[in-house]
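Notes for the structure review
Residue strings, one per chain:
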Amino acid sequence: MAHRIITQVVITGSRVLGRAFAEAYKQASATSQYAKAHAKNNPGAANTFASHGLTLEEACKILNVKPPQGGKANMEEVTERFKRLFDVNDPQKGGSFYLQSKILRARERIESEVRIAEEATSREAELKEGWKPKVFKDR
């Protein structure tokens with residue numbers, strides 16, 4: 001009698017687990033297809049959520065700075081605002097860890113945007129000048 005109950009529990013548990021995995025796979029597949037379709041319709045959207053779903057506009061609002069114009073931002077102002085807000089929201093001083101992490105992600109998002117723009121401009125400048133290898137002479 002006990003073996004029947006154990007067998008039923010195992011079978012029922014495996015059915016529930018199998019259905020859960022099947023549903024999770026369906027959701028992951030649908031999300032992947034949606035992301036592909038969205039990226040195809042909006043090619044610039046791939047870099048929109050670079051740092052944990054935070055857009056550049058949200059990052060600038062959090063730090064209260066102007067968005068980078070042409071890939072250039074006043075990084076001194078960004079760093080200054082970041083340090084002040086990060087220190088104000090220190091959990092040991094009664095601040096919020098959640099807000100502190102949002103401030104950190106905002107700074108990272110702005111820095112990544114500026115870094116990407118700088119890399120693109122340096123690539124363009126190198127293409128205009130042509131490839132000039134650095135030659136080191138032995139002394």
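Residues numbered from 1 in each chain as written. Predicted model: local features only at pLDDT ≥ 70, side-chain atom pairs only at ≥ 80, totals over all residues. Heavy atoms only, no water.

Some details on the overall build of the chain
Scanning the chain from terminus to terminus reveals 4 helices and 0 strands. Here the chain has a C-alpha radius of gyration of 25 Å; the compact-globule value for 139 residues is 14 Å, and the former is much larger. Summarising its shape, the C-alpha atoms of the chain cover approximately 85 × 50 × 45 Å along the three principal directions. The buried share of the chain, taken over its 139 residues, is 17%. For the chain, the proportion of contacts with a sequence separation of at least 24, taken over those separated by at least 6, is 52%. Accessible area for the chain stands at about 11600 Å²; split by element, carbon and sulfur atoms hold 56% of it. (Helix = DSSP H or I, 4+ residues; strand = E, 2+ residues; numbered from the N terminus. Rg over C-alpha atoms; globule rule 2.2 N^0.38 Å. Buried < 20%, exposed > 50% of the residue type's maximum accessible area, 1.4 Å probe, protein only. Contact = heavy atoms within 4.5 Å. Areas by Shrake-Rupley, 256 points an atom, 1.4 Å probe, with all protein chains shown as cover.)

As for the nonpolar core
Core analysis: the biggest nonpolar cluster contains 13 residues, and Leu 63, Val 65 and Ile 110 have the highest contact counts within it. Looking at this core, the elements with two or more residues in it are α2 (56–63), α3 (75–88) and α4 (97–129). (Core = buried A, V, L, I, M, F, W, Y, C linked by side-chain atoms within 4.5 Å.)

A look at the environment of Met 1
For Met 1, the position within the fold is in the segment before α1 (2–41). Among the residues examined, Met 1 registers a relative accessible area of 71% and is labelled exposed. Met 1 sits 84 residues away from Leu 85 along the chain, and the two C-alpha atoms are 66 Å apart.

So, the packing of aromatic side chains
Centre distance and the angle of the planes are the two values used to describe a pair of aromatic rings. All chains considered together, the criterion is met by 1 aromatic pair. The ring of Phe 82 carries the charged tip of Arg 107 above its face, separated from the ring centre by 4.4 Å. (Phe/Tyr/Trp six-rings, centres within 6.5 Å; stacked < 30°, edge-to-face > 60°. Lys NZ or Arg CZ within 6 Å of the ring centre and 35° of its normal.)

Side note on the domain arrangement of the chain
Quoted interface sizes are often the accessible area lost when the parts come together. Each assigned domain of the chain is listed with its residue range as follows: domain 1 (1–48) and domain 2 (56–129). For domain 1 versus domain 2, the separation of C-alpha centres amounts to 36 Å. (Domains from an automatic or database assignment.)

Notes on α3
An ideal rise of 1.5 Å per residue puts 20 Å on 14 residues; α3 measures up with 20 Å between its terminal C-alpha atoms. Looking at α3, one finds that the buried residues are Val 78, Phe 82 and Leu 85. Down the axis of α3, the smallest arc covering the buried residues is 80°, so these residues share one side. Residues of α3 that are exposed and point over 90 degrees away from its buried face: Glu 76, Glu 80, Lys 83, Arg 84 and Val 88. On the buried face of α3, the contacting elements are α2 and α4. (Expected span 1.5 Å × (residues − 1). Arc of directions from axis to C-beta.)

With respect to the confidence of the model for the chain
Taken as a whole, the chain shows an average pLDDT of 85; of its residues, 91% reach a score of 70 or greater. At the level of individual helices and strands, the chain shows its lowest average pLDDT in α1, which scores 89, and its highest in α3, which scores 93. (pLDDT = per-residue confidence, 0-100.)

Description of the pattern of salt bridges
Counted according to the given criterion, the structure contains 5 salt bridges. Note that Lys 61 and Glu 57 form a salt bridge whose closest N and O atoms lie 3.4 Å from each other. In this pair, Lys 61 and Glu 57 both sit in helix α2, 4 residues apart, roughly one turn of the helix. Among the residues examined, Lys 61 registers a relative accessible area of 62% and is labelled exposed. Among the residues examined, Glu 57 registers a relative accessible area of 53% and is labelled exposed. In this structure, Arg 107 and Glu 111 form a salt bridge, with 3.5 Å as the shortest nitrogen-oxygen distance. Taken together, the residues Arg 107 and Glu 111, both in helix α4 and 4 residues apart, mark about one turn of the helix. Assessed through its relative accessible area of 25%, Glu 111 is described here as partly exposed. (Salt bridge = Lys/Arg side-chain N within 4 Å of Asp/Glu carboxyl O.)

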